[in-house]
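The lines below spell out each chain.
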Amino acid sequence: MKQRAPLTLAAVTAALAAVTGIASLTAPAAPAADGKKTAAARMPVERSTLVCPAPSSSDIADTAYTSYTPGAAPGAKADAKGTGKGAARLTGATKEAKAVLEPKEPGKPVGATSSGSEAPALTGTAEGALAPGWTVQQTTKVAVGRARGVLGTACGVPGTDFWFPAVGTSKGREDYVHLTNPDDTAAEVDVKLFGPEGPVKAEPGRDRITIAPKSSQRLLLSTLAPDTQLADVTAHVTTRSGRVGASVQVAEDGVGTDWLAPSTDPAGSLVLPGIPSDATSVRLVAFAPGEEDADLSIRLAGPGGSLSPAGSEALHLKAGMTASVDLKDVTRGEAGSLLLAPTDAKKAVPVVAALRVVRGSGAKQELGFIPASGPVGARATVADNRTGENATVLYVTAPGKDDAKVRVTASPGTEGGEPESKEIQVKAGTTLAVSPPPAPTGGKGSYALTLETLSGGPVHASRTLTLPHEGIPMFTVQPFTDDRSTVLVPKAVQDLSVPTE
């Protein structure tokens, strides 16, 4: 019997609250007295909430946090609520915790650092001018040990439903799901695993967790079913009440460690952007959460166009069962993005997916993940980019039939400098690797990259941050997804305010 998460009104409301910080449902514009529809204006969000997981259990971990708000959102109509001053604060996920980051104005990133295993999970809110597009990047480097590597994650929006393809419970893997509750009430969380044969039966009581208010917990996924060892599993995290931030930290013997971010919501077609050109091993893990099987075509969008990998042109997914395919060194020296689409366009079955990517060889291997991600949309930002030879590489993909134009803007650095912008064209069906991407003039410290879609078809993008150590290509990949910095607000049909004298 397949297990599916119910979609409730409470879940929908909580999801909307995660975007705007205010639980509100907006009805379609109502007709005015003269029968005409009132227009809806796109306005900046007034409040944003983010959650960052505890970075590492290693005593020699060094973590950098970078916070950034781009400023006025494209297409937004400014008003007194969306312009001027704002406030943002990121603190430890406890009621007594002190602030870690407090940015003061849009357009200027701020950074902070921490060391060791005591760094807590973080929660925070941004209001006013600092809310639209607020992003925080957490980057951790562990030089030695079993969990050595670079771990990167964009601090996430709390929600009620998360999919994590490409987790594992096999020997040599330690995959922890981190759950953080930013609110003042407890959250009830279910964690379900789905393997190649379907749902994995958990030990009684282990798959349901209560996260106290303003607190964080982590759960070792292999403890849910101690007698079952699986290399490729899909984890489904849902809340019965409340909302949480969720991410998975993966450590694999001899290969390194990184964060696995949630896949985008189930969809018939998916894009997994930004496989590095020197990837030595790429494995696709996918899952169909509904009641129907899915048949997918697999294509690699490279710099010259899209091709089907020889011997891996298609993937059949049985409903409720995790499937994987070893793509080996699919990029063959040229960066690319993986495109998944239904083999029959009339039968698009929603799926989720992620890539496990390895760079290097032998004892010098390093692990990273690329989840399926949504389009850049109007605007998207990834913080904590760094200068230096191939330190940051930007990948932009136009998966459809239309060429696209995007603007790439580098913010000032955390220690000063001036922003720089560049417009780039991406041909349909290709992936463009931008190395180096724009960087601030005269800037020092890390900086943010913001992408804006100017014309053409939808684009998907990611960036790779590489921080080599003793010959190991330690790296992490973060996708760009629409920053949801604006909302449609219907104009009032009738002014019902009470005049003041």
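Going by the structure above, here's the rest.
Below, the structure is looked at part by part. Please read all numbers here as calculations on a predicted model, not as lab measurements. (Residues numbered from 1 in each chain as written. Predicted model: local features only at pLDDT ≥ 70, side-chain atom pairs only at ≥ 80, totals over all residues. Heavy atoms only, no water.)

### Focus on the environment of Y68
Along the chain, the position of Y68 falls in strand β3 (residues 62–68). Residue class for Y68 comes out buried when judged on its relative accessible area of 7%. Y68 sits 38 residues away from P106 along the chain, and the two C-alpha atoms are 7.0 Å apart. Sequence-distant contacts of Y68, that is, excluding residues within four places in its chain, are made with G107, K108, P109, G133, W134, T135, T381, S411, A448 and T450. (Helix = DSSP H or I, 4+ residues; strand = E, 2+ residues; numbered from the N terminus. Buried < 20%, exposed > 50% of the residue type's maximum accessible area, 1.4 Å probe, protein only. Contact = heavy atoms within 4.5 Å.)

### A look at the state of the cysteines
Tallied over the full model, the rule gives one disulfide. Residue C52 pairs covalently with C155 via a disulfide, S to S 2.0 Å. The S-S bond linking C52 to C155 shows a torsion near 110°; that makes this disulfide right-handed. With C52 in strand β2 (residues 47–52) and C155 in the loop between β9 (149–154) and β10 (161–167), this residue pair connects regions lying 103 residues apart in the sequence. For the pair formed by C52 and C155, the shared burial category is buried. (Disulfide = S-S within 2.5 Å.)

### Regarding the side chain of H178
Take H178: it is sitting in strand β11 (residues 173–181). Beyond its immediate sequence surroundings of up to four residues, H178 is in contact with P53, A54, Q217, R218, G245, A246, S247, Q249 and W259.

### Overview of the environment of E174
Looking at the secondary structure, you find E174 in strand β11. Each C-alpha atom of the pair E174 and A251 lies 5.2 Å from the other, and the pair is 77 residues apart in sequence. Discounting chain neighbours no more than four positions away, the residues touching E174 are R146, L220, Q249, V250 and A251.

### Points about a negative patch on the surface
A cluster of acidic residues, E292, D293, D295 and D344, forms a negative patch on the protein surface. Inspection of the secondary structure assignment puts D344 in the loop between β25 (336–342) and β26 (352–359). (Patch = residues over 30% accessible without salt bridge, like charges linked within 9 Å, V, L, I, M, F, W, Y side chains within 5 Å. Areas by Shrake-Rupley, 256 points an atom, 1.4 Å probe, with all protein chains shown as cover. Salt bridge = Lys/Arg side-chain N within 4 Å of Asp/Glu carboxyl O. Lys, Arg positive; Asp, Glu negative; His and termini not counted. Charge placed at Lys NZ, Arg CZ, Asp CG, Glu CD.)

### Remarks on the pairing of β9
Of all six residues in β9, five are buried, a share of seventy percent or more. Relative to β9, strand β8 (residues 135–142) is paired through six bridges, and the arrangement is antiparallel. Along β9, the bridge assignment pairs T140 with L151. The turn linking β8 back onto β9 is made up of six residues, and G145 within it adopts a positive phi angle of 100°. (Pairing = 2+ DSSP bridges.)

### Topic: the sheet that holds β26
Ordered in space as β24-β20-β26-β27, the four strands form an open sheet in which the pairing is antiparallel. Both outer strands of the open sheet, β24 (322–328) and β27 (366–371), are each paired with one neighbouring strand and no more. Each adjacent strand pair in this sheet contributes to an overall mean axis angle of 20°, direction not counted. Relative to β27, β26 runs antiparallel, the two being bridged by six bridges. Considered in β27, the bridge of R359 is made with E366. (Axes fitted to C-alpha atoms, helices over the stretch in contact; angles between N-to-C directions.)

### A closer look at the nonpolar core
In this structure, F164, L179, V237 and L260 are the most contacted members of the largest nonpolar core, which totals 32 residues. Going through the elements one at a time, β10, β11, β12 (187–195), β14 (208–211), β16 (233–241), β17 (245–252), β26 and β27 are the ones with two or more residues in this core. Filtering out sequence-adjacent residues up to four positions away, F164 remains in contact with V233, T234, A235, V237, A246, S247, V248, L260, A261 and P262. With 29 residues, the next largest nonpolar core counts A294, V325, V349 and F475 among its residues. (Core = buried A, V, L, I, M, F, W, Y, C linked by side-chain atoms within 4.5 Å.)

### A closer look at the sheet that holds strand β18 (residues 256–260)
The strand order β15-β11-β17-β18 describes an open sheet built from four strands, whose pairing is antiparallel. The open sheet has two free edges, formed respectively by β15 (215–220) and β18, since each of these has just one partner strand. Taken pair by pair, the neighbouring strands of this sheet meet at an average axis angle of 20°, ignoring direction. Pairing of β11 with β15 involves six bridges; the strand directions are antiparallel. Directly across from H178, in β15, lies its bridge partner R218.

### Thoughts on the packing of aromatic side chains
The relation between two aromatic rings is expressed through the spacing of the ring centres and the mutual angle of the planes. Applying the stated criterion across every chain, the model contains three aromatic pairs. With a centroid separation of 5.5 Å and an interplanar angle of 35°, the aromatic rings of W163 and F287 are classed as tilted. Taken together, the positions of W163 in strand β10 and F287 in strand β20 (residues 279–287) put the pair 124 residues apart, joining distant regions of the chain. According to the relative accessible area criterion, F287 is buried, its value standing at 1%. Through pairs of rings, three or more aromatic residues link up here, namely W163, F194 and F287. Across from the ring centre of Y176, 4.0 Å away, lies the NZ or CZ of R218, which sits over that ring. Positioned above the aromatic ring of F475, the side-chain terminus of R359 is 4.9 Å from the ring centre. (Phe/Tyr/Trp six-rings, centres within 6.5 Å; stacked < 30°, edge-to-face > 60°. Lys NZ or Arg CZ within 6 Å of the ring centre and 35° of its normal.)

### As for the pattern of salt bridges
When the charged atoms of two side chains with opposite charge come close together, those side chains can pair. Inspection of every chain in the model, using the stated rule, returns 20 salt bridges. Note that R243 and D183 form a salt bridge whose closest N and O atoms lie 2.9 Å from each other. Highlighted residues: R243 in the loop between β16 and β17 and D183 in the loop between β11 and β12, separated in sequence by 60 residues. The class for R243 is buried, based on a relative accessible area of 9%. R240 is paired through a salt bridge with D190; the nearest N and O atoms lie 2.6 Å apart. Placement of R240 in strand β16 and of D190 in strand β12 is noted, with a sequence separation of 50 residues between them. The exposure class assigned to R240 is exposed, which follows from its relative accessible area of 54%.

### Remarks on the pairing of strand β7 (residues 122–128)
Consecutive residues of a regular strand have side chains that alternate between opposite faces of the sheet. Of all seven residues in β7, five are buried; the element is thus mostly enclosed. Both β2 and β7 contribute to a ladder of six bridges, which runs antiparallel. Bridge pairing in β7 places S48 opposite A126. Pairing of strand β4 (residues 86–92) with β7 involves seven bridges; the strand directions are antiparallel. By the bridge assignment for β7, R89 is matched with T125.

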